[in-house]
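# Descriptive structure summary
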Amino acid sequence: MENRDVSKKLDQNIQWWKEAFSDCADIKMLEMSLGEDMSVRAFLSYIEITGGESMLEKSTVGNLLSSLTRLPDDEVIRKVRENGMGVSDAVPFATMQEAADGLLTGECILFFDGFDRAVKIPDKGYPAMSLQEVESEKSVRGSNERFSNSVKQNAALIRKRIRSADVKVREQKVGVRSKTNLYLMYYDGLIYPEFLEEMERRLEGFSIDGVQDIGVVQQLSEKYWYSPFPQFQVTERPDRAAMALLEGRMVVVLDNSPEALIFPTDYNSFIKTADDYYSRWEIATFTRILRYVASFFAMVLPGLYLAATNFHTEILPTKLLISFAAARQGVPFPGVVEILLMELSFELLREAGVRLPGAMGNTIGIVGGLIIGQAAVDANIVSPMVVIIVAFTALCSFAIPNEDFATAFRLLKFVFIGLGAAWGYYGFLIGLLFVLIHLAQLESFGMPYFTPFVGADLSKNEDAKDTFVRPPSELLKRRPVTANRKNRVRLRTEKQSGGGK
């Protein structure tokens, strides 16, 4: 519908409004009279679920209308015009389309006869889930608070952890028809402005009907869309997002999505977890090395097994080789078919466990794996060693803390199975070489994916300290290379001078 300015004539505004929201049973419209003499005409509109209590005394709009009813008629418009209503979030709109968009954010819209502005009044807003516990990024120590489905609540959860006016929020709308609220959050003074400008360019670079989840923004904003490795870090933890802001990174939160995007990112950031910095450095280092090893074996272990057993048996000890041969007696399939059968079975079990509710999903994953594995061995379809290899590979993929990152290794695993089955150890080396070349070329908003293994000199090798080993907290004195070089110091002791924001 054609947009136009809000008119001083209330009837014209009502006519436009009713045409725009025709056949919308959930949009409530109410004409009323205000002032002591009831001579000031007004028009109130709201979405039923968001403003159902508008006329009650306890609601914001109810209190406002009650106060306007007690005013002299000539004071009503003046009070509205001068924002004397005592409502902090009241916003005047000059056009009808802006007013309609304001209504669809979950607020109430008021029109007054003789006033050429529509006024947005906050009320209950859309219903949202209450805060829940983190599911996919559980932490041994620290808060397990999780993002909600409300972009405003998610921004507040981050602000609760960084109570500074330097935390900035830029609001944008994504989706031509859905007009979903998106917040770009950053810590002023710590970021490079180029990150913000590049993200804004990418958001302007696509036009789509609707955006219902942060994953859509992630895919449309990634430069290397063909890569299995994510260029944004997805998190559902507010403390992880707050930590990223303090490192000079940026955070994207979206309405209706309980996750946030962090950028720029790198390989090392996907391996780290929030409680690495909450626990003692010795155990944090041990678990981090485990994750690095797990990320490697989750990708190559089945392929290496096929390469060793099919082509390079001489690298195996004689007793182990005899044990493998004895275990495979009676198995009618070649090794690659065994591996593929079991890998696909475990992937099916994983998918079934995700789709089934709660406790049933966990039961399917554990019991199904045991039953299928044991039954396959008893039926001589696969050898026991294959079950061990596949199960260990699955454990390694589960040890990777970021699900998006782990998915890349799950997919590449099948590539290495094919290379190992076709060319043995040489195929494995070719695959590994291509993965390393791809990761070396990959970047996230100009930051190399292998940071800080490459470009360590940019931070005088400070970032390289926090990779395989998580140093004691006393040695983590500088922010990563993602932070503005003017404000790299984050920890000061009594013997130090200088600082950073």
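Here, the structure is the one placed above.
Residues numbered from 1 in each chain as written. Predicted model: local features only at pLDDT ≥ 70, side-chain atom pairs only at ≥ 80, totals over all residues. Heavy atoms only, no water.

Now for helix α6 (residues 193–204). The terminal C-alpha atoms of α6, which comprises 12 residues, lie 17 Å apart, in line with the 16 Å expected from a rise of 1.5 Å per residue. For α6, the full list of buried residues reads F195, L196, M199, E200, R202 and L203. Across the axial projection of α6, the buried residues extend over an arc of 160 degrees, all falling on one side. Looking at the buried residues of α6, the elements they touch are β6 (167–174), β7 (180–187), α7 (214–221), β9 (250–254), β10 (260–263) and β12 (447–448). (Helix = DSSP H or I, 4+ residues; strand = E, 2+ residues; numbered from the N terminus. Expected span 1.5 Å × (residues − 1). Buried < 20%, exposed > 50% of the residue type's maximum accessible area, 1.4 Å probe, protein only. Arc of directions from axis to C-beta. Contact = heavy atoms within 4.5 Å.)

All right, on to the side chain of S227 then. Locating S227 in the fold gives a position in the loop between α7 and β8 (233–235). Of note is the side chain of S227, whose polar atom sits 3.1 Å from the backbone nitrogen of F229. Setting aside anything within four residues of it in sequence, one finds S227 in contact with H438 and L442. (Polar contact = N/O pair within 3.5 Å; in protein donor to acceptor, adjacent residues only side chain to side chain.)

So, on to unusual backbone geometry. Residue P264 is reached from F263 by a cis peptide bond, and omega for that bond is -10 degrees. As for its position among the elements, P264 is in the loop between β10 and α9 (267–271). Going from T451 to P452, the amide bond is cis rather than trans, its omega being 5 degrees. By the element assignment, P452 lies in the segment after β12. In the Ramachandran plot, M38 falls in the positive-phi region, its phi being about 55 degrees despite a non-glycine side chain. Overall, the relative accessible area of 45% leaves M38 in the partly exposed class.

Here we take up the sheet that holds strand β4 (residues 108–112). Across the sheet, which stays open at both edges, the five strands sit in the order β1-β2-β4-β5-β3 with antiparallel pairing between neighbours. The two strands at the open ends of the sheet, each matched to only one other strand, are β1 (27–34) and β3 (91–93). Taken over all neighbouring pairs, the strand axes of this sheet differ in orientation by 25 degrees on average, direction set aside. Of the pairings in the sheet, the one linking β4 to strand β5 (residues 118–121) comprises three bridges and is antiparallel in character. If you follow I109 over to β5, its bridge partner there is K120. Sitting on the sheet, helix α1 (residues 10–20) touches β1, β2 (40–47) and β4, and the angle it makes with β2 is about 20 degrees. Where helix α4 (residues 96–104) meets the sheet, it contacts β1, β2, β3, β4 and β5, and its direction lies at approximately 145 degrees from that of β4. (Pairing = 2+ DSSP bridges. Axes fitted to C-alpha atoms, helices over the stretch in contact; angles between N-to-C directions.)

Okay, the pattern of salt bridges next. Under the definition given, this model contains 28 salt bridges. The residue K179 makes a salt bridge to D101 at a minimum N-O spacing of 3.2 Å. With K179 in the loop between β6 and β7 and D101 in helix α4, this residue pair connects regions lying 78 residues apart in the sequence. Accessibility expressed as a relative area gives 33% for K179, which makes it partly exposed. Under the relative-accessibility criterion, D101 is labelled partly exposed at 23%. The salt bridge partner of R177 is D209, with a shortest N-O separation of 2.7 Å. Taken together, the positions of R177 in the loop between β6 and β7 and D209 in the loop between α6 and α7 put the pair 32 residues apart, joining distant regions of the chain. (Salt bridge = Lys/Arg side-chain N within 4 Å of Asp/Glu carboxyl O.)

From the geometry alone we can't say anything about function, so treat these as descriptive.
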